[in-house]
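One-letter residues, chain by chain:
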Amino acid sequence: MKKIYLLAIVGITVMLASCGHGGQGELVGAYNRKFKNDRIPLGMVYVPPGHTPLGGSDEDITFSQNGPSKMVTISAFFMDQTEISNAEYRQFTNWVRDSIAIGMMGNPQQFMITPRGNAANAVGGDKYIDWKKVGPNGANIWRNKGRGAAAAQVSQLDGMYYSGLDALPGKKELDVRKFVYSYAELNMEKAAAGHKDPNSKRQDYIDRYSVAIYPDTMVWKTDYSYSQNDPMVRGYYNHPSYDDYPVVGVSWEQAKAFSHWRTRLYDGVATARKLPAGSRSDYRLPAETEFEYAARGGNTKTKYPWGGPYIRNTKGCLQANFKPGRGDYSSDGGIYTVGVRSYFPNDYGLYNMAGNVAEWTITSYNKGASPLLHDLNPNFTYDAGPNDSKYKKRKVVKGGSWKDTGYFLQNAVATYEYQDTQRSYIGFRCVSSYPGTDLRH
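Residues numbered from 1 in each chain as written. Predicted model: local features only at pLDDT ≥ 70, side-chain atom pairs only at ≥ 80, totals over all residues. Heavy atoms only, no water.

For the protein, an unreviewed UniProt entry supplies the name Formylglycine-generating enzyme required for sulfatase activity and the organism Pedobacter zeae.

Here is the structure:
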């Protein structure tokens, strides 16, 4: 009986060992949690990998702003189907506004998630904010009602408003200069250059930013001398009529901060849903080559995103929002910008890759860098500091805008703007690298 008992124990032990992670001492790997890697992020389209010539194709104009033609390979990525709209960017400014307000109120418990077990030590303080309790557009924070403790909490927000001579009589307006978003990120260029130095520390490669993120609505005045654009200053960013129009007055630095916040927003949801770490790559601005590659829509040597060599279609209709002729702004259907889903998309399903607003890229503007770029995902970037030369602050802008002539709508044409400058004709859209080789396989 004892022998049978011992044999049973040995058998169970062997069976458990064979079913365990060790696999009888064999190498079986330590896999991360599996998940379906075929979900396209909301509002984005999939841009497949490919090998294609980028740059000028059928013209060689002296002093043109076309890049030299070069065969490159681009990895797969997701790209926003449209330019970031006023409504989408307003979600960012409202989030920053409400976060600052909650901090000023001492993190009041009525807006916080009640931690359970060890959850209190699992995440940072900002993760405790229950945005459902905050309500749409922060209504529960900014509602000036109640007595006692509630009234005291509301009074703590007085510092968020214009006061004294800065305030207009009879109006209580939020001081948008206080909408500052602070974040930190690992600078890959610095890390690549110095990570093998035994005296270096990780903190040496972390860049920290504090960015005032509210759009500069005065660009509608400052960009144009002697032009009656006051209604655009007052209404373009906040009026419901412009909700689905592209956000403008946003610098490269602000667009970069938005991309970081968007990643953070998704990470919070991914953590709550217990998705594996890295289930989606970070949101960011596109490289110049990624933008051009996506604009071509899978076609080779095309002049415009819609594929043809002409700005008008077979019916004689203009195919983008730009400045036709000698200042005929209205004949293309829009005097200023138009909705982000106007006109037909290109073959990848991307809207307004030419015209409407020009768009920021992550790439630094340096024509001398072109011969040095690698042929696999080429890009040159430099995040200039406040004390750097203005020439180091130039960032590539692609696509042309509502105020540009047709030349700037070409896929291969690029210009630049300074990273700390806002314009009424520059917006942006985000991309996210596909974590794999090809979604289709």
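Still to come is the rest of the account.
Undergrad: I tried to follow the side chain of T337 on my own but got confused; where do I start?
TA: Along the chain, T337 turns up in the loop between helix 10 (288-295) and strand 8 (358-364). Among the polar contacts listed, one links the side chain of T337 to the side chain of Y236, at a separation of 3.0 Å. Discounting chain neighbours no more than four positions away, the residues touching T337 are Y236, Y245, P246, N321, N356, V357 and W402. (Helix = DSSP H or I, 4+ residues; strand = E, 2+ residues; numbered from the N terminus. Polar contact = N/O pair within 3.5 Å; in protein donor to acceptor, adjacent residues only side chain to side chain. Contact = heavy atoms within 4.5 Å.)

Undergrad: Looking at this structure, how should I read the sheet that holds strand 9 (residues 394-398)?
TA: In a beta sheet, neighbouring strands are held together by backbone hydrogen bonds and run either parallel or antiparallel to one another. Sheet architecture is open: four strands sit in the order 10-9-8-11, paired in mixed fashion. Of all strands in the sheet, those with a lone pairing partner are strand 10 (414-418) and strand 11 (426-427), marking the two edges. In this structure, strand 8 lies alongside strand 11, joined through two bridges in parallel fashion. Of the residues in strand 11, the one forming a bridge with E359 is G427. (Pairing = 2+ DSSP bridges.)

Undergrad: Mind showing me how you'd approach the packing of aromatic side chains here?
TA: Aromatic rings in a pair are described by how distant their centres are and how their planes are angled relative to each other. Counted by the stated rule, this structure contains 32 aromatic pairs. Seen from their ring centres, W95 and Y181 are 6.4 Å apart, and the 65 degrees between their planes marks the pair as edge-to-face. Of this pair, W95 sits in helix 2 (residues 86-104) while Y181 is found in strand 5 (residues 180-186), placing the two residues 86 residues apart along the sequence. Residue classification places W95 among the buried positions, given a relative accessible area of 14%. With 5.9 Å between their ring centres and 75 degrees between their planes, F179 and Y214 make a pair best called edge-to-face. Residue F179 is found in the loop between helix 5 (149-155) and strand 5, and its partner Y214 is found in the loop between strand 6 (206-212) and helix 7 (219-222); the two are separated by 35 residues along the sequence. For the pair formed by F179 and Y214, the shared burial category is buried. Ring-pair connections join several aromatic residues into one group, and the members of that group are Y89, F92, W95, F179, Y181, Y183, Y209, Y214, Y237, F258, W261 and F428. (Phe/Tyr/Trp six-rings, centres within 6.5 Å; stacked < 30°, edge-to-face > 60°. Buried < 20%, exposed > 50% of the residue type's maximum accessible area, 1.4 Å probe, protein only.)

Undergrad: Explanation requested: the sheet that holds strand 7 (residues 283-284) in the structure shown.
TA: A sheet is described by the order of its strands in space; here four strands give the open sequence 1-4-12-7, paired in antiparallel fashion. A single partner strand is all that each edge strand has here, and the edge strands are strand 1 (44-47) and strand 7. Pairing between strand 1 and strand 4 (residues 77-80): four bridges, direction antiparallel. When the sheet's bridge partners are listed, M44 is paired in strand 4 with D80. Docked against the sheet, helix 10 engages strand 1, strand 4, strand 7 and strand 12 (431-433), running at close to 75 degrees with respect to strand 4. (Axes fitted to C-alpha atoms, helices over the stretch in contact; angles between N-to-C directions.)

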